[in-house]
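In case you want the letters, here they are:
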Amino acid sequence: MDFAFASPTASQATAERSAPPGPWSPPALRLVCLDIDDTLIDFTSAGSRALAALIGRADMWSVWERITDEHVAKVVAGDLSYADMHLTRSRCFLEELGAEMDAGDIVGFEARRRELLRRSWRLFDDVLPCLDWLTAAGVQLAAVTNASGGHQRAKLADLGLARFFDHVAIAGEMGTAKPDPVMFHTVCLTMGCDPSEAAHVGDKLDTDAIGARDAGLGGVWLNRRAVSEDVPTGVHEIDSLVDLPELLICEFASVGVPVQR
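Thresholds applied
Residues numbered from 1 in each chain as written. Predicted model: local features only at pLDDT ≥ 70, side-chain atom pairs only at ≥ 80, totals over all residues. Heavy atoms only, no water. Buried < 20%, exposed > 50% of the residue type's maximum accessible area, 1.4 Å probe, protein only. Helix = DSSP H or I, 4+ residues; strand = E, 2+ residues; numbered from the N terminus. Arc of directions from axis to C-beta. Pairing = 2+ DSSP bridges. Axes fitted to C-alpha atoms, helices over the stretch in contact; angles between N-to-C directions. Core = buried A, V, L, I, M, F, W, Y, C linked by side-chain atoms within 4.5 Å. Contact = heavy atoms within 4.5 Å. Polar contact = N/O pair within 3.5 Å; in protein donor to acceptor, adjacent residues only side chain to side chain. Patch = residues over 30% accessible without salt bridge, like charges linked within 9 Å, V, L, I, M, F, W, Y side chains within 5 Å. Areas by Shrake-Rupley, 256 points an atom, 1.4 Å probe, with all protein chains shown as cover. Salt bridge = Lys/Arg side-chain N within 4 Å of Asp/Glu carboxyl O. Lys, Arg positive; Asp, Glu negative; His and termini not counted. Charge placed at Lys NZ, Arg CZ, Asp CG, Glu CD. Phe/Tyr/Trp six-rings, centres within 6.5 Å; stacked < 30°, edge-to-face > 60°.

Draft legend 1. Region of interest: helix 7 (residues 149-158). Listed in full, the buried residues belonging to helix 7 are Gly149, Gln152, Lys155 and Leu156. The arc enclosing the buried residues of helix 7, seen along the axis, measures out at 135°, which places them on a common side. Directly after helix 7, the chain includes glycine 160, whose backbone phi takes a positive value near 75°.

Draft legend 2. The sheet that holds strand 2 (residues 140-145), seen in detail. Strand order in the open sheet formed by six strands is 3-2-1-4-5-6, and the pairing between neighbours is parallel. Of all the strands in the sheet, the pair left with one neighbour each is strand 3 (167-170) and strand 6 (235-238). Along the sheet, successive strands turn relative to each other by an average axial angle of 20°, direction set aside. Pairing analysis gives four bridges linking strand 1 (residues 31-34) to strand 2, with the strands arranged parallel. Of the residues in strand 2, the one forming a bridge with leucine 34 is alanine 143.

Draft legend 3. Structural view of the nonpolar core. If you look at the biggest cluster of nonpolar residues, it comprises 57 residues, and the most contacted ones within it are Leu134, Phe165 and Leu244. Per-element accounting of this core gives the leading share, five residues, to helix 9 (residues 181-191). Residue contacts for phenylalanine 165: discarding those within four places in its chain leaves Leu34, Leu40, Leu131, Leu141, Ala142, Ala143 and Leu156. Core analysis: the second largest hydrophobic core is formed by 10 residues, Val63, Trp64, Phe93 and Ile106 among them.

Draft legend 4. View of the side chain of lysine 155. Topologically, lysine 155 is positioned in helix 7. For lysine 155, a relative accessible area of 3% translates into the label buried. Reaching out from lysine 155, the side chain makes a polar contact with the side chain of aspartate 37 at a distance of 2.6 Å. Those residues in contact with lysine 155 that lie beyond four places of it in its chain are Asp37, Ile41, Phe43 and Trp121.

Draft legend 5. Molecular detail of a negative patch on the surface. Together, Glu237, Asp239, Asp243 and Glu246 give the surface a local cluster of negative charge. Along the chain, glutamate 237 falls in strand 6. Of the residues examined, glutamate 237 reaches a relative accessible area of 43% and is grouped as partly exposed.

Draft legend 6. Here's a closer look at the packing of aromatic side chains. By the definition in use, this model includes three aromatic pairs. With 6.0 Å between their ring centres and 25° between their planes, phenylalanine 43 and tryptophan 121 make a pair best called stacked. In this pair, phenylalanine 43 is assigned in helix 2 (residues 43-55) and tryptophan 121 in the loop between helix 5 (103-120) and helix 6 (127-137), connecting sequence segments 78 residues apart. Of the residues examined, tryptophan 121 reaches a relative accessible area of 11% and is grouped as buried. Ring pairs connect the aromatic residues Phe43, Trp61 and Trp121, which therefore count as one cluster.

Okay, structure coming up:
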C-alpha cells in the first residue's frame with residue numbers, strides 16, 4: 001500500500017512555528033578520540049630521561065621540544081618527510097648544543113635515542129581501566145596524534161594498546177594537524193559520526209581541548225601535571241582518566257548507543 005503525505009495547512013504550519021521548543025537533550029556519544037603522548041603514554045618522562053642520558057645533562061628538554069615542534073610543522077606542511085625529520089631534528093639540536101658531528105655520528109645518536117626510548121615507554125596507571133570501560137560502553141575509539149605514524153603505531157603495539165583502537169589518525173599522513181578543525185572533522189567522517197557525537201581527550205589545552213571544542217567535539221583537557229591555567233567555556237578539565245567515564249556520562253545523553261541517522 002502506498003502512503004500519501006498531505007501538505008500541512010496554513011493554520012497547522014503557523015501552530016508548529018509558534019509551539020514552544022521541546023526540552024534540549026545532549027547528544028549520544030559514539031566516538032572518543034584520545035591523544036597518545038602524555039595522555040596514554042608517559043612520553044615526557046621517557047623522552048627527557050633518554051635525552052639526558054645521551055648528552056649528560058638534564059636541562060635541554062624544552063629546547064628539544066621546541067625543535068621537535070618546528071620540524072613536525074614542516075612534516076605536516078609537506079616540506080619534510082617523517083623519515084628525514086628525525087635525523088634533521090637531531091642535527092639541529094646537536095648544533096644548538098655546539099656539538100660538531102658528522103652524518104654518521106648523527107645517525108648513531110638518533111639510533112641510541114630511539115632504543116633508549118623504546119625501553120622506557122610506560123603507560124599511566126589509569127589508561128587500561130579507562131580503555132576497558134570505553135570498550136565495554138560500546139563507543140568507537142580513535143587515537144589522534146600529531147607525532148610520527150610509525151613510532152606511534154609501534155608504541156601502541158608494544159604496550160598492548162592497538163587492540164583498543166578502531167582508527168589511528170596521524171597528522172603527517174593526513175596533511176593537517178591538531179588543532180586544525182579539519183583534523184577532527186576528518187576523523188569523525190571516517191568513523192561515521194557527527195562532531196557533536198564525539199569527544200576528544202588530550203594533555204594540551206590549546207592543541208587538544210580547545211581545538212576539539214572549536215571543531216564541535218567535546219573538548220577534554222587531561223591536566224595530569226596540575227598546570228594552573230584559565231579553562232575557557234566549553235572545555236572540561238580532569239586530572240586523571242579515572243574521571244573520564246563520569247564526565248562522559250554526565251555530558252552525553254547516552255554512551256555507546258548507536259544513533260538513528
